[in-house]
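# Observations on the model geometry
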Amino acid sequence: MTQRISFDLNATDAKARTGVIHTPRGAIRTPAFMPVGTAATVKAMLPESVAATGADILLGNTYHLMLRPTAERIDRLGGLHRFMNWDKPILTDSGGFQVMSLSDLRKLTEEGVTFKSHIDGSKHFLSPERSMEIQKLLGSDIVMCFDECPALPASDADVAKSMRMSMRWAARSKAAFGDRPGHALFGIQQGGVTQDLRAESAEALRDIGFDGYAVGGLAVGEGQEAMFGVLDYAPDMLPEDKPRYLMGVGKPDDIVGAVKRGIDMMDCVLPSRSGRTGQVFTRNGVVNIKNARHADDPRPLDEACSCPACSQYSRAYLHHVFRAQEMISGMLLTWHNLHYFQEIMDGMRNAITAGTFASWEADFHAGRAQGDIEPL
């Protein structure tokens, strides 16, 4: 029988947790940061380069892949892993967030969402059943149930209505997913920034039963303080023996704060998007390589970093290739950012295991505070 996906919780330090998600395609060490491969590629990176940064899992986008090149084509070509040359686990989102944020003329009903493609204006329909079908065609290791993600701020009444429909869609997603050994289905908690609605959502998801649970509906405009306010209680509402995934987060400070509050998995386009625009995250703050102050600087971006951008090139060179709009700029800066994010995850895993997370966190914030945060 095909191996089922399972989760071992190995150590805790206050609310921070470390463990391993076991899958047929390999182990995912938690806390885990998932680089985003929107269109079956992490922009500016080769798959083996992403793996070299320490990533155990990638995220793929159902919405983008269903539009281009289509899930059916990827299936005919052997599935997403073969298509993009990545043999480790892949998690795919359900498409619900992108339908909300990218598509035009969205029509929402109980059955699903009809929308127009942001690429060519073609008309499409996405429902819980269709989202499960697409993610099965892609061959995702971890599948997300289909939900509706309202933009914040929104009234409690609107958030409650959306959340309750998402819970009905979660039950339909579970039924459509079926029994698929070797693959996992995660439910998504909604409820905005209202604790009672979050509790109602968590109870509904626990009753349905999932292999993992996401905290959704955050990082959509509410700000870090409000997000952390929700994370102070939302993860505790979810089963302790299952992975907890915070969707679409984030900046290094966001990631550390989320793990401190009990989150096991995160994803964000920020490391790659920032790399392509010259913004670099380091242990001493943010560097904007486009700034003239770097034109004659022979130092590496981060003297303690072993990535190729830091170990083989100077700030002056990286400034030059960015200003010259050379492709190597996005490649090297993205590599560094992804490497740094994975270093953060590794540091947190080690600290949680050793029971020293609080001191690690203090050192993390102190190091960033002593450096510059350069203007864009």
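That block above? That's the structure.
For the structure shown, the criterion picks out 19 salt bridges. Of the charged contacts, one joins glutamate 133 and arginine 130 as a salt bridge, the two residues approaching to 2.9 Å between their closest N and O atoms. Of this pair, glutamate 133 and arginine 130 both sit in helix α6 (residues 128-138), three residues apart, roughly one helical turn. Take glutamate 133: its relative accessible area is 42%, and that puts it in the partly exposed class. The salt bridge partner of glutamate 343 is arginine 283, with a shortest N-O separation of 2.7 Å. Within this pair, whereas glutamate 343 is found in helix α14 (residues 327-354), its partner arginine 283 is found in the loop between β15 (279-282) and β16 (285-288), the two being separated by 60 residues in sequence. Among the residues examined, glutamate 343 registers a relative accessible area of 28% and is labelled partly exposed. The network of salt bridges with shared partners includes Glu72, Arg130 and Glu133.

So, about the environment of threonine 277. The residue threonine 277 is located in the loop between α11 (270-276) and β15 in this model. By relative accessible area, which is 41% here, threonine 277 ends up partly exposed. C-alpha separation for the pair threonine 277 and asparagine 288, spaced 11 residues apart in sequence, amounts to 8.6 Å. Dropping the residues within four chain positions of it, threonine 277 is found in contact with Lys290 and Phe322. At a separation of 3.2 Å, a polar atom in the side chain of threonine 277 contacts the main-chain carbonyl oxygen of arginine 273.

Turning to unusual backbone geometry, a few remarks are in order. Residue arginine 68 is joined to proline 69 through a cis peptide bond whose omega torsion reads 15°. Its place among the elements puts proline 69 in the loop between α2 (62-67) and α3 (71-76). The phi dihedral of alanine 14 is positive, around 55°, even though this residue is not glycine. Even without glycine at this site, alanine 219 takes up a positive phi of about 55°.

Once that is clear, we can look at the packing of aromatic side chains. For the structure on display, the rule yields nine aromatic pairs. Here the aromatic cluster, defined as three or more aromatic residues joined through ring pairs, consists of Phe33, Phe281, Tyr340 and Phe341. The ring centre of phenylalanine 210 lies 5.9 Å from the NZ or CZ of lysine 174, which sits over that ring. Positioned above the aromatic ring of phenylalanine 228, the side-chain terminus of arginine 261 is 4.1 Å from the ring centre.

Criteria and cut-off values
Residues numbered from 1 in each chain as written. Predicted model: local features only at pLDDT ≥ 70, side-chain atom pairs only at ≥ 80, totals over all residues. Heavy atoms only, no water. Salt bridge = Lys/Arg side-chain N within 4 Å of Asp/Glu carboxyl O. Helix = DSSP H or I, 4+ residues; strand = E, 2+ residues; numbered from the N terminus. Buried < 20%, exposed > 50% of the residue type's maximum accessible area, 1.4 Å probe, protein only. Contact = heavy atoms within 4.5 Å. Polar contact = N/O pair within 3.5 Å; in protein donor to acceptor, adjacent residues only side chain to side chain. Phe/Tyr/Trp six-rings, centres within 6.5 Å; stacked < 30°, edge-to-face > 60°. Lys NZ or Arg CZ within 6 Å of the ring centre and 35° of its normal.

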